[in-house]
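Understanding the architecture of this molecule
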Amino acid sequence: METIKIDISKTASFIQEEAVENLKGEIFAAQQKLHAKNGTGNDFLGWMDLPSSITASELNKIKSVANKIRAKADFVVVVGIGGSYLGTRAVIDTVADSFDWLRTNRKNPVILYAGQNIGEDYTHELLDLLKDKSFAVLVVSKSGTTTEPAIAFRLLKKLLEKKYDAQDVKERIVAITDAAKGALHTLAMREDYETFVIPDNVGGRFSVLTPVGLLPIAIAGVDIDRLIEGSVAMEKQLMAKNYANNPAAVYAAVRNLLYRNGKKIEILVNYHPKLHFLAEWWKQLYGESEGKDKKGIFVAAVDFTTDLHSMGQWIQDGERSIFETVLSVEKPRYNVVIPKDNDNLDQLNYLAGKRVDEVNKMAELGTLIAHVDGNAPNIRISIPELNEYYIGQLIYFFEKACGISGYILDVNPFDQPGVEAYKRNMFALLGKPGFENETKAIRKRL
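My aim in this report is to walk through the structure given alongside it, one point at a time. All values reported here derive from a predicted model rather than from experimental measurement.

**Thoughts on the overall build of the protein chain**
Of regular secondary structure, the protein chain possesses 17 helices and 10 strands. The C-alpha atoms of the protein chain give 23 Å as radius of gyration, which agrees with the globular expectation for 446 residues (22 Å, within 12%). In terms of principal-axis extent, the alpha carbons of the protein chain reach across some 65 × 60 × 55 Å. Residues counted as buried form 50% of the 446 residues belonging to the protein chain. For the protein chain, contacts bridging at least 24 residues in sequence account for 79% of all contacts bridging at least 6. Carbon and sulfur atoms make up 52% of the accessible area of the protein chain, which amounts to about 21300 Å² in all. Of note, the protein chain has its 55 positive side-chain charges centred 4 Å away from the centre of its 58 negative side-chain charges.

Take a look at the structure:
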């Protein structure tokens, strides 16, 4: 089988060769910390050997429950926020038919999402849609008290209880939560919901290859065996100690060297619209892992060629604080040829007989040359094709590179203390019990 590949040749003029050599000691040390599990945040390194440690019986249970839900519901709502839904949506949107949800003869339930926002109109419209539909709910939360998903689950649970009898409600809810504690665990035990465990040593943004992601991905009709197979292959490849043979080490090194040279913003670029939510997952993975201690690359993402007509000007001519990492898909799934038109009013007959993907590839190459000429370094990650095997590779590649990169940056890549600040303020403003002192202090500032 092929593997994803990394090309850093378009960063060479921005990085001195001796700088790479000097950094190799830091890279090796970072890898040693990860493999020895003795660096900061080492209690959240369960993702490291997750692909190879998943057993056939665990996968069979996930597929069995997935089949039960698939047979029972036309719509399945994944309730979660951040890592509790982004990895799921990344894989499903990348691999599944983009328009399956509109097909009358579809084989798979429509996957919807809730609890990833607090939008009242979104919530109303979702509930209004589901009131006349057969649906089930997968609720993902270690604690069961995270505000956004807890609100959504309360409302969806009430709707289920209004539509179905108690036994049917029980069969339409699956809880993916802590093994022994928390509000959701308590509720699931009391109501006898089907449950799966979020491992204690796997943080949310690294959890896509746990039941958090695997169950809804399987319900969507995606082959989770192949997803795991690809991630296992990448796990083995990234054990390489040799820098040149380890693409995760290369990626981590180059992005940190560019950061030290004033390139403070990394833009993840794709030329395939199905990769949009893969980029959203990547943004959380790197932003939440590295953005701390007043350090870290600011991560952003664009969909080309769409965003070339909006962000293209800034990327080409704006402040030179950026570099790009391009996800390039080598082989599309389908073959669409541009036809000849006798009138040729759109002046496109010079493209007649060419595949749409050939035009896309030339747009990619032309943009690469323009942006590098415009002093934006470019890292290219090539993906042989968009299927479960290679997306499994890509997920593990980015996770491993993130761990190495965070340690090179000298931060704890596995915590997220900064996200608690807004929560404390929100709780105080909403009058949550126990936040009375914070409420008084905040009110004085308004």
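**Overview of helix α14 (residues 356-373)**
Helix length check: α14 (18 residues) gives 26 Å between terminal C-alpha atoms against 26 Å at 1.5 Å per residue, within 8%. Along α14, the residues that are buried comprise Asp357, Lys361, Glu364, Thr367, Leu368, His371 and Val372. Seen along its axis, α14 keeps its buried residues to an arc of 125°; they face one direction. In α14, the exposed positions that point more than 90 degrees away from the buried face belong to Met362 and Asp373. Against the buried residues of α14 lie α13 (312-317), β9 (322-331) and β10 (378-385). One or two positions beyond α14, positive phi appears at asparagine 375, with a value near 70°.

**Quick word on empty space enclosed by the protein**
Following the criterion strictly, the structure yields 2 cavities of 30 Å³ or more and no others. When its volume is computed, the largest cavity comes out at roughly 80 Å³. As for the largest cavity, its lining consists of Tyr271, His272, Leu327, Ser328, Val329, Pro332, Asp357, Asn360, Lys361 and Glu364. Counting residues per element, the ones that place at least two in the lining of the largest cavity are β9 and α14. Broken down by element, the lining of the largest cavity gets its largest block of residues, 4 residues, from α14. Volume-wise, the second largest cavity comes out at about 30 Å³. What lines the second largest cavity is Phe28, Gln31, Gln32, His35, Met239, Ala240 and Lys241. The residue inventory of the lining of the second largest cavity, partitioned by class, reads 3 nonpolar, 3 polar and 1 charged.

**Describing the pairing of strand β4 (residues 135-140)**
Along β4, 6 of the 6 residues are buried, which leaves the element largely enclosed by surrounding structure. Where burial is concerned, the two faces of β4 agree: the one with Phe135, Val137 and Val139 and the one with Ala136, Leu138 and Val140 are both buried. Looking at chain direction, strand β2 (residues 75-79) and β4 are connected through 5 bridges and run parallel. The residue bridging valine 76 from the neighbouring strand is alanine 136, located in β4. Where β4 and strand β5 (residues 173-177) come together, 4 bridges link them in parallel fashion.

**Side note on the sheet that holds strand β6 (residues 194-197)**
The parallel open sheet is built from 5 strands, whose spatial order is β3-β2-β4-β5-β6. Because the sheet does not close on itself, it has two edges, and the strands there are β3 (110-114) and β6. The average angle at which neighbouring strand axes cross in this sheet is 20°, direction not considered. Along the sheet, helix α5 (residues 120-130) makes contact with β2, β3 and β4, crossing β3 at roughly 145°.

**Structural notes on the packing of aromatic side chains**
We describe a pair of aromatic rings using the distance from one ring centre to the other and the angle between the two ring planes. Enumeration according to the criterion identifies 15 aromatic pairs in this entry. Ring geometry for tyrosine 85 and tyrosine 113: centres 5.7 Å apart, planes at 55°, overall tilted. Of the two residues, tyrosine 85 is situated in the loop between β2 and α4 (86-95) and tyrosine 113 in strand β3; the sequence distance between them amounts to 28 residues. Classification of tyrosine 113 by relative accessible area gives buried; the value is 5%. Plain terms: the ring middles of tyrosine 251 and phenylalanine 398 are 5.8 Å apart, the flat faces sit at 65° to each other, and that makes the pair edge-to-face.

**Concerning a nonpolar patch on the surface**
Where nonpolar side chains cluster on the molecular surface, the patch consists of Phe99, Trp101 and Leu102 and spans about 370 Å² of accessible area. Mapped onto the secondary structure, phenylalanine 99 falls in the loop between α4 and β3.

**Focus: the layout of surface pockets**
Put simply, the largest pocket is a space of about 1100 Å³. Elements with a minimum of two residues in the lining of the largest pocket: α6 (147-163), α12 (276-290) and α16 (420-430). Here the lining of the largest pocket gets 5 residues from one element, more than from any other, and that element is α16. Here the second largest pocket defines a volume of roughly 840 Å³. Every residue lining the second largest pocket is counted, 31 residues in all, and those nearest its centre are Ile92, Asp93, Ser98, Trp101 and Ile111. Taken together, the elements giving at least two residues each to the lining of the second largest pocket come down to α4, β3, α5 and α12. Of the residues belonging to the lining of the second largest pocket, the class tally is 17 nonpolar, 4 polar and 10 charged.

**A short note on unusual backbone geometry**
Cis geometry is found at the peptide bond from phenylalanine 304 to threonine 305, where omega equals 10°. Here threonine 305 shows up in the loop between β8 (298-303) and α13. A positive phi is found at lysine 294, a non-glycine position, where the angle reads about 60°. Tracing the backbone shows lysine 294 in the loop between α12 and β8. In this structure, glutamine 347 takes a positive phi of about 55° despite not being glycine.

Scoring rules and cut-offs
Residues numbered from 1 in each chain as written. Predicted model: local features only at pLDDT ≥ 70, side-chain atom pairs only at ≥ 80, totals over all residues. Heavy atoms only, no water. Helix = DSSP H or I, 4+ residues; strand = E, 2+ residues; numbered from the N terminus. Rg over C-alpha atoms; globule rule 2.2 N^0.38 Å. Buried < 20%, exposed > 50% of the residue type's maximum accessible area, 1.4 Å probe, protein only. Contact = heavy atoms within 4.5 Å. Areas by Shrake-Rupley, 256 points an atom, 1.4 Å probe, with all protein chains shown as cover. Lys, Arg positive; Asp, Glu negative; His and termini not counted. Charge placed at Lys NZ, Arg CZ, Asp CG, Glu CD. Expected span 1.5 Å × (residues − 1). Arc of directions from axis to C-beta. 1 Å grid on protein atoms, 1.4 Å probe; cavity = no way out; pocket = protein on both sides within 12 Å on 5 of 7 lines; lining within 4 Å. Points joined across faces, edges and corners; volume = space filled by probe spheres on them. Nonpolar A, V, L, I, M, F, W, Y, C, P; charged D, E, K, R; others polar. Pairing = 2+ DSSP bridges. Axes fitted to C-alpha atoms, helices over the stretch in contact; angles between N-to-C directions. Phe/Tyr/Trp six-rings, centres within 6.5 Å; stacked < 30°, edge-to-face > 60°. Patch = residues over 30% accessible without salt bridge, like charges linked within 9 Å, V, L, I, M, F, W, Y side chains within 5 Å. Salt bridge = Lys/Arg side-chain N within 4 Å of Asp/Glu carboxyl O.

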